[in-house]
Amino acid sequence: MSGFIVAVRPYPDGMHYLDHAATTPVLDEVREAMLACLENDFGNPSSLHGPGRKARQLVDDARDRVALAIGADPSEIVFTGGGTEADNLALKGAAHKRRGNGDHLIVTAFEHHAVLETAESLQAAGWELTVSPVDATGHVGPTAIAEAVRPSTVLASVMTVNNEVGTVQDIETITAAVRETNERVLVHTDAVQALGSVPVNVRAWDVDLAAFSAHKLGGPKGVGALFIKARTPVSPVIHGGGQERGLRSGTLNVPGIVGFGVAAEIAAKEVGEKAERLARLRDRLLAGIRSIDPDIQVNGDLERRIPGNLNLAFGGADAETLLLLLDRAGIACSSGSACASGAIDPSHVLSAMGMSVDRAGSSMRLSLGRSSTDADVDAVLDALPEALRRARRAA
């Protein structure tokens, strides 16, 4: 689900990967579970014979694991083809189902494109849309969301953790503010970047819908889930054989779902320990970068932020050039710009936070994860001075 541009090249074994917010290496435990499924359990989980029943049991076990990891009931989990599909199902499914109750939607200005473009497609189809602002620190104010609520509002969507700057929203307070204004409004959160980085409890958050993705936490790509709170009205957006309680038709990706279940269970168990370790690594990385360039600027709030995220503006350097120079040194990270039709456009997230085109264009994201080590930090600090010098010279 990343809108970042990532350098594409085959890295040697000694590469240093600092792009965990884009995707994560598949965990050994996940790979083993998926391989066992591929080799031994090829049945269609919709079939009634033995192999089909075994596949169904594997899916049910994975559903239990994902539900436990996010504080939900297994019956509230709908497997999808990824986080983007889960967001689409949440917004389109809820909007269409509740059209008779209203025609107004709310999203924030720095949502992932999976939410923003889905909301814009609904706007083009006749819904009214409010895009709520975010502040310069990368946070959404509960009051601002509540003030956008109307009697005709059917859904509000606020992401839990921003994918670019890593800031964490107070979803529980935001939901309460929305409910106080209009108790009929459904609340959705894109929680794709949350699971494995912060404790997740959809029941405590009191949200109606929440999207997740396996590949952000050591699982496989192409598998996601949408939490749909019991009795929440949602229409399907994919029609066919009626799988997943009729909400998401299509033969289930059993090996991927099995892998997702294992990854979700591990992510939930390790979240506290992982956060402490990544915070230490991130603080060391930031201190080292500041010793190299005291003028760098941190994009977003450093306190209310997931521990593995650093989004930095390197004044006077083009981020794309810097990314490619670091890539040449065996370091994988991401730029905060999006490239379309040969043009470099500033990050919509940084723009929503009020940053200039120049600052956005000089910004990079370095994101740490479960496999990150001090050696990765050392590699960045070793390569950055020369890469930064050359990037500024080329600007």
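About the criteria used
Residues numbered from 1 in each chain as written. Predicted model: local features only at pLDDT ≥ 70, side-chain atom pairs only at ≥ 80, totals over all residues. Heavy atoms only, no water. Helix = DSSP H or I, 4+ residues; strand = E, 2+ residues; numbered from the N terminus. Rg over C-alpha atoms; globule rule 2.2 N^0.38 Å. Buried < 20%, exposed > 50% of the residue type's maximum accessible area, 1.4 Å probe, protein only. Contact = heavy atoms within 4.5 Å. Areas by Shrake-Rupley, 256 points an atom, 1.4 Å probe, with all protein chains shown as cover. Lys, Arg positive; Asp, Glu negative; His and termini not counted. Charge placed at Lys NZ, Arg CZ, Asp CG, Glu CD. Pairing = 2+ DSSP bridges. Axes fitted to C-alpha atoms, helices over the stretch in contact; angles between N-to-C directions. Core = buried A, V, L, I, M, F, W, Y, C linked by side-chain atoms within 4.5 Å. Expected span 1.5 Å × (residues − 1). Salt bridge = Lys/Arg side-chain N within 4 Å of Asp/Glu carboxyl O.

Caption draft 1: The overall build of the protein chain, seen in detail. Looking only at helices and strands, the protein chain has twelve helices and 15 strands in total. Taking 395 residues into account, the globule formula puts the C-alpha radius of gyration at 21 Å, and the protein chain, at 21 Å, falls close to it. Seen through its principal axes, the protein chain has C-alpha atoms that stretch 60 × 55 × 40 Å. Looking at the protein chain as a whole, 57% of its 395 residues are labelled buried. By sequence separation, contacts in the protein chain at least 24 residues apart represent 75% of the contacts at least 6 residues apart. Taken as a whole, the protein chain presents about 15800 Å² of accessible surface, with 52% of it coming from carbon and sulfur. Of the side-chain charges in the protein chain, 38 are positive and 49 negative, and the distance between the mean point of each set is 3 Å.

Caption draft 2: Here's a closer look at the sheet that holds strand E3 (residues 104-108). Pairing is mixed across the open sheet formed by seven strands, whose spatial order is E2-E8-E7-E6-E5-E3-E4. Each end of this open sheet is capped by a strand with a single partner; those strands are strand E2 (77-80) and strand E4 (128-132). Taking each pair of neighbouring strands and ignoring which way they run, the sheet shows an average axis angle of 20°. Of the pairings in the sheet, the one linking E2 to strand E8 (residues 224-228) comprises four bridges and is antiparallel in character. Across the sheet, Thr80 pairs through a bridge with Gly224, a residue of E8. Contacting E2, strand E7 (209-213) and E8, helix H2 (residues 50-70) runs over the sheet at an angle of about 115° to E2.

Caption draft 3: Fine view of the sheet that holds strand E12 (residues 334-335). Across the sheet, which stays open at both edges, the four strands sit in the order E9-E10-E15-E12 with antiparallel pairing between neighbours. Edge positions in the open sheet fall to strand E9 (297-298) and E12, since each of these has one partner strand only. In the sheet, strand E10 (residues 309-313) pairs with strand E15 (residues 363-367) via five bridges, with the strands oriented antiparallel. Bridge pairing in E15 places Asn311 opposite Arg365. Lying over the sheet, helix H9 (residues 319-328) contacts E12 and E15, oriented at roughly 40° with respect to E15.

Caption draft 4: Seen up close, the nonpolar core. Ranked by internal contacts, the top residues of the largest apolar core, which has 63 residues, are Ile70, Phe79, Val202, Phe212 and Phe260. No other element matches helix H8 (residues 254-292), which puts nine residues into this core. Sequence-distant contacts of Ile70, that is, excluding residues within four places in its chain, are made with Ile77, Leu195, Val200, Asn201, Val202, Phe212 and Phe227. In terms of nonpolar packing, the next biggest core, distinct from the first, is built from 31 residues, Ile296, Ala317, Leu366 and Leu381 among them.

Caption draft 5: Region of interest: helix H4 (residues 113-124). End to end, H4 covers 16 Å across twelve residues, agreeing with the expected 16 Å (1.5 Å per residue, within 8%). All buried positions along H4 are accounted for by Ala114, Val115, Leu116, Thr118, Ala119 and Leu122. Those residues of H4 that are buried lie in contact with helix H3 (83-97), E3, E4, strand E5 (153-157), strand E6 (186-190) and helix H10 (348-352).

Caption draft 6: Region of interest: the pattern of salt bridges. Tallying each qualifying case throughout the model produces 20 salt bridges. For Asp19, the salt bridge goes to Arg365, with nearest N and O atoms at 3.0 Å. Remark: Arg365 occurs in strand E15 and Asp19 occurs in the loop between strand E1 (16-17) and helix H1 (28-40); sequence separation between them is 346 residues. Asp19 sits in the buried class, given a relative accessible area of 1%. A salt bridge links Glu244 to Arg63; its shortest N-O distance comes to 2.9 Å. Of this pair, Glu244 sits in the loop between E8 and H8 while Arg63 sits in helix H2; the two residues are 181 residues apart in sequence, bridging distant segments of the chain. Note on Arg63: relative accessible area 10%, which makes it buried.

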